[in-house]
Amino acid sequence: MANDKNLKITFCSGAGTVTGANFLLEGNGKKFLIDCGLIQGEKFVDDLNWAPFPYDASTIDILFVTHGHVDHIGRIPKLISEGFNGKIYSVVPTKEITGIMLADTAHLLSRDEALELDKIYTPENIKKTIDIWETLEYGQKLNVDHGFQFSYKDAGHILGSGMLEIIYNNKKIVFTGDLGNSPSPLLPDTEVIKDADYMVMESTYGDRNHEHRDERKKKLEEIIRDNYNKNGNLIIPTFSLERTQELLYEINSLVENKIIPEMPIFLDSPLSIKLTDVYLKYGKYFNTRAQKILSEGDKLFDFPGLKKTLETEESKAILQVPPPKIIIAGSGMSNGGRILHHEKNYLPNKNDTILLTGYQTVGTLGRLIEDGAKKVHIMGEEVSVHANVAKISGYSGHKDSDHLVEFVGNTAHTLKKVFIVMGEPKSAMYLAQKLRDNLEVNAFTPTAGESVIIEC
Ligand SMILES: [Zn+2]
């Protein structure tokens, strides 16, 4: 490095793809990691995850985590097994969310004996992850020797999500993590950044805009009422973290304001039930509207008719409950979890409805159903699909293309460079071009493994 004050960023993974966030920032004798996530493709865990990290884990001083999604935290046990002995920092709720998500990941991985994960995803490594984890409030500053200062701003993506701001030698470097699709029903809007010199930003939806954002609650109401009138079963495959709580929050409002009739509604996912408890515990991180409702005594995620089925026997008994009813279960793309049992039971019935609330990756059962397959295979059995397939597309947790540009626009006048990561190459390159054209900023799309020097 020409100037020993300069810093180096290595995009270890999470560049040119949407998963596996892992970035190394080094300089002036210090090494920091930002996120350490699982690489997920068509498989829940890509084989690439088991390759050694491109750095010596024992030399890393601190790992900063932006939020608790598995593609940002899922390789921390591996980092520990490779000798990481520093500290981990995040915003307060992310620590507890990570503990739950890692335990769930360990459980899912343990089913695949070929992965030989017993040395990495041990209870000891998960416990150590939590033991060395410190937390910060939004805006709280952490000074680290050799002139580094760190703090988080609210990203508005999921509970506890933070954009990491680093001040070093009077320069500000921002790692956005994932950026929320504000306004969210539950969370505050993404905070504005006006003074960044360098930014490493996500681009999941870099080349697309969301549709019908404002209509989703109306559509949810119509689908629920329609199912009630048909005396049907409505099954909703849902992601456990954030999407489930958003959905419960909206159904809570529909039920308590008597916009929809009361009926049995099952939250049939142990992971969702645990995470919903964490959301309730950390209500002070919600937006002012949700906090106000909470302060008036409304539990937000609990309402007449809701039943949380933690045990397998309780889950099996749902079949005996006569319609109309609603079942919310994971996984969100129907590639595992209790939702499969419900899909097997209800997809053949023309009076029943499956409601898709999120993106369905190619190769998943959810995608086959979305694409109109008339026959699918579930747990080794052929199942015919006669149920209605409904979809609400406004439930994304990520900013769309126009809003990503707007976000960068607030700091375009101070930005020296922006690095576009966490997106498919097409999406990242489209966003980079749009930022150059609309805002005249220096936008780059690094590839996995690439290093850059930033002048400080
Ligand atoms: Zn995320």
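That block above? That's the structure.
On a predicted model such as this, the values are computed, not experimentally measured, just so you know.

So, how was this worked out
Residues numbered from 1 in each chain as written. Predicted model: local features only at pLDDT ≥ 70, side-chain atom pairs only at ≥ 80, totals over all residues. Heavy atoms only, no water. Donors = N, O, S within 2.8 Å, 3.2 Å for Na, K, Ca; no water. Tetrahedral: all angles 85-135°; square planar, octahedral: opposite > 155°, others 65-115°. Pairing = 2+ DSSP bridges. Helix = DSSP H or I, 4+ residues; strand = E, 2+ residues; numbered from the N terminus. Axes fitted to C-alpha atoms, helices over the stretch in contact; angles between N-to-C directions. Expected span 1.5 Å × (residues − 1). Contact = heavy atoms within 4.5 Å. Salt bridge = Lys/Arg side-chain N within 4 Å of Asp/Glu carboxyl O. Buried < 20%, exposed > 50% of the residue type's maximum accessible area, 1.4 Å probe, protein only. Parallel < 35°, antiparallel > 145°, perpendicular 65-115°, else oblique. Nonpolar A, V, L, I, M, F, W, Y, C, P; charged D, E, K, R; others polar.

A. Region of interest: the coordination of the zinc ion. Listed as protein donors to the zinc ion are His67 (NE2), His69 (ND1), His157 (NE2) and Asp178 (OD); their distances from the metal cover 2.2 to 2.3 Å. One way to put it: the four donor atoms around the zinc ion meet at angles of 92 to 162°, and that makes the site irregular.

B. Local environment of the sheet that holds strand S14 (residues 306-308). Spatially, the six strands line up as an open sheet ordered S14-S13-S15-S12-S16-S19, and their pairing is parallel. Edge positions in the sheet fall to S14 and strand S19 (388-391), since each has one partner strand and no second. Neighbour to neighbour, the strand axes of the sheet diverge by 20° on average, direction disregarded. Here three bridges tie strand S13 (residues 265-267) to strand S15 (residues 325-329), and the two strands are oriented parallel to one another. Across the sheet, Ile265 pairs through a bridge with Ile326, a residue of S15.

C. Main features of helix H7 (residues 270-281). End to end, H7 covers 17 Å across 12 residues, agreeing with the expected 16 Å (1.5 Å per residue, within 8%). On its buried side, H7 packs onto helix H3 (92-110), helix H6 (243-256), S13 and S14.

D. Main features of the pattern of salt bridges. Following the criterion strictly, the structure yields 25 salt bridges and no others. The partner of Lys284 in a salt bridge is Glu137, and the shortest N-O contact between them spans 3.4 Å. Taken together, the positions of Lys284 in the loop between H7 and helix H8 (288-295) and Glu137 in the loop between strand S6 (133-136) and strand S7 (142-144) put the pair 147 residues apart, joining distant regions of the chain. For Arg367, the salt bridge is made with Asp371, and the minimal N-O distance between the two is 3.2 Å. Judged by relative accessible area, Asp371 falls into the exposed class, the value being 55%. Sharing partners across several salt bridges, the network here consists of Lys153, Glu165, Lys172 and Asp195.

E. Structural detail: the packing of H3 against helix H4 (residues 123-131). For the pair H3 and H4, interaxial distance at closest approach is 10 Å and the crossing angle is 170°. By the angle between their axes, H3 is roughly antiparallel relative to H4. On H4, the residues touching Lys95, Gly99, Leu102, Ala103 and Ala106 of H3 are Ile126, Thr129 and Ile130. Partitioning the contact of H3 with H4 into residue classes produces five nonpolar, two polar and one charged.

Spatial relationships are all this shows, so hold off on functional conclusions.
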